[in-house]
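Coordinate inspection notes
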Amino acid sequence: MRDNPVKKRLSAGGVSMGVMCMEFATTGIGRLSAEAGAEFAVFDMEHTGWSLETIKMLIATSRSVDLVPIVRPPVTDYHHIAHAMDVGAMGLLIPLVNSEEQIRYAIECALYPPLGKRGCAFAMSHDDYKAGDQGEKTRRANENLLVVAQIETIEGLADVDAIAAVAGVDALWIGQFDLTTSLGIPGQFDHPKFTDAVKRVVDACHKHGKAATLAGLDVAELAAGPANGFRMLVYLADLWIYQQALRRCFGTIRGALGKDAAS
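Residues numbered from 1 in each chain as written. Predicted model: local features only at pLDDT ≥ 70, side-chain atom pairs only at ≥ 80, totals over all residues. Heavy atoms only, no water.

Details of helix α10 (residues 192–208)
We count it as follows: Secondary structure follows DSSP: runs of H or I at least 4 residues long count as helices, runs of E at least 2 residues long count as strands, and numbering of each begins at the N terminus. Every helix has an expected span of 1.5 Å times one less than the residues it contains. Working rule for contacts: check all heavy atoms of both residues, and any pair within 4.5 Å makes them a contact.
Helix length check: α10, at 17 residues, gives a terminal C-alpha distance of 24 Å against a target of 24 Å (1.5 Å per residue), a fit within 8%. Summarising the contacts, the buried residues of α10 are in contact with β5 (146–151), α7 (154–158), α8 (160–165), β6 (171–174), α9 (176–182) and β7 (211–216). Just downstream of α10 lies G209, where phi reads positive at about 70°.

Details of the pattern of salt bridges
Counted only if it meets this: In what follows, salt bridge is the name for a side-chain nitrogen of Lys or Arg lying within 4 Å of a carboxyl oxygen of Asp or Glu.
With the rule as written, the count across this model stands at 14 salt bridges. Between D44 and R72 there is a salt bridge; the shortest N-O distance is 2.5 Å. Pair noted here: D44 is in strand β2 (residues 40–44) and R72 is in strand β3 (residues 68–72), with a separation of 28 residues, a long-range link. Here R72 makes a salt bridge to E46, at a shortest N to O gap of 3.2 Å.

Some points on the sheet that holds β6
To be explicit about the condition: By definition, two strands form a pair when at least two bridges between them are found by DSSP. Angles here are taken between N-to-C directions and fall from 0 to 180 degrees, while the axes themselves are lines fitted to C-alpha atoms, restricted in helices to the stretch in contact.
One closed barrel holds the 8 strands; their spatial order is β1-β2-β3-β4-β5-β6-β7-β8, and the pairing between them is parallel. When strand polarity is set aside, the average angle formed by the axes of neighbouring strands in this sheet is 25°. With 4 bridges connecting them, strand β1 (residues 16–21) and β2 associate as parallel partners. For C21, the partnering residue across the bridge sits in β2 and is F43. This element, α10, spans β5, β6 and β7 of the sheet and lies at about 170° to β6.

Here's the deal with empty space enclosed by the protein
It is the rolling of a water-molecule-sized probe over the atoms that shows where space remains empty. Stated precisely, the cut-off is as follows: For each structure, a 1 Å grid was placed over the protein atoms alone; sets of points admitting a 1.4 Å probe that cannot get out are labelled cavities, open sets with protein on both sides within 12 Å along at least five of seven lines are labelled pockets, and lining residues have an atom within 4 Å of a point. Grid points are joined across faces, edges and corners, and a volume is the space filled by probe spheres set on the points. Asp, Glu, Lys and Arg are counted as charged, while Ala, Val, Leu, Ile, Met, Phe, Trp, Tyr, Cys and Pro are counted as nonpolar; the rest, among them Gly, fall into the polar class.
This structure, assessed with the given rule, holds 1 cavity of 30 Å³ or more. Of the pockets and cavities examined, the largest cavity occupies roughly 160 Å³. Around the largest cavity sit 13 residues that line it, and M1, A89, M90, H126 and A141 are the ones nearest its centre. Examining the composition of the lining of the largest cavity, we find that 3 residues originate from one element, helix α6 (residues 134–144), more than from any other. A per-class count over the lining of the largest cavity returns 6 nonpolar, 3 polar and 4 charged.

Things to note about the packing of helix α4 (residues 78–86) against helix α5 (residues 100–110)
To be explicit about the condition: Should an angle fall under 35 degrees it is called roughly parallel, over 145 degrees roughly antiparallel, and 65 to 115 degrees roughly perpendicular, with every other angle called oblique. For any helix crossing, the convention is left-handed if the near helix is rotated counterclockwise from the far helix by under a right angle, and right-handed if that rotation is clockwise.
Running from amino to carboxyl end, α4 crosses α5 at an angle of 45°, the nearest separation of the two axes being 8 Å. In terms of axis orientation, α4 runs oblique to α5. The way α4 lies across α5 gives a crossing that is right-handed. Touching Y78, I81, A82 and M85 of α4 are Y105, A106, C109 and A110, all from α5. When its residues are assigned to classes, the contact of α4 with α5 shows 8 nonpolar, no polar and no charged.

This is the structure we're talking about:
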C-alpha cells in the first residue's frame, strides 16, 4: 500500500499543490501533471460523466509517477465511494457536504473495519495486485486516506465547525459557484455574504487543524493562498487551463499580426 505524501504534508501544516481534471481522460494526463509539478490530481465524477472504468484508467496510468489520485464521486453513497477506493483512489473530494453526519458516513464508507465498513478485496488494482498481510494492508490504507469536504451550501456553512472537527477530515474546499448560488448571490465572489462565508470556512480549518483549500485559475491568487490561510492549492481545471493557454497564445499572435498589418 502506498504512502500518501499529500496527507502527511497537510497534516504537518505544510502546503500541497495539485490540479483538477474534468475533460481530458487520457493516459498521459496524470504523468503530464506530475512532470509539471503537481503533487496530486483530482479526477472528477460529479460533473464530467466519467465512468468508474475511466477513473480506473486515469489512476492506473498515473501509478508510474509520484502523484496522489483523488476522486470526486458524484454523490455521497457507499457504491461510488468504496468503488473509487477499490480502483486506486488515495483520497476523496466529497461534494455538497451539508452536515457532520454526511461526512462521517462518507469516511465510514472509505475505511476498512473496525474504523469503517469498506468491503475487503485484495491483490487488486488498489494494492497493485500484490499479495501481503491483510491486517497490514487495511491499517495502512486507513492511515493514508485523504478526505476533503466541499462546503457548497447554506446548510454546510451552518455546520462548518462541526464538519471541520470530524476526525478523518483533512481539508475543506469552498465550492464557490454552488455556495454563492445557495446564498442567493450566484457568481458574486466579492459580495460580503461570500467573503464572510470564506472567512468562516478558513477559521474553522484553523481552529481544528485542517487545511483550507483554494481552487482556481488565477495563478497570482493561488500563489498568495498560503498567506491568506490556504494550504491546499488546486489549479483548475484541465479544460480551462488548456483554453486559457490557447487564448493567451492566439491573442498574442493576433496582436502581432495587427501591428504588422498597421505598419
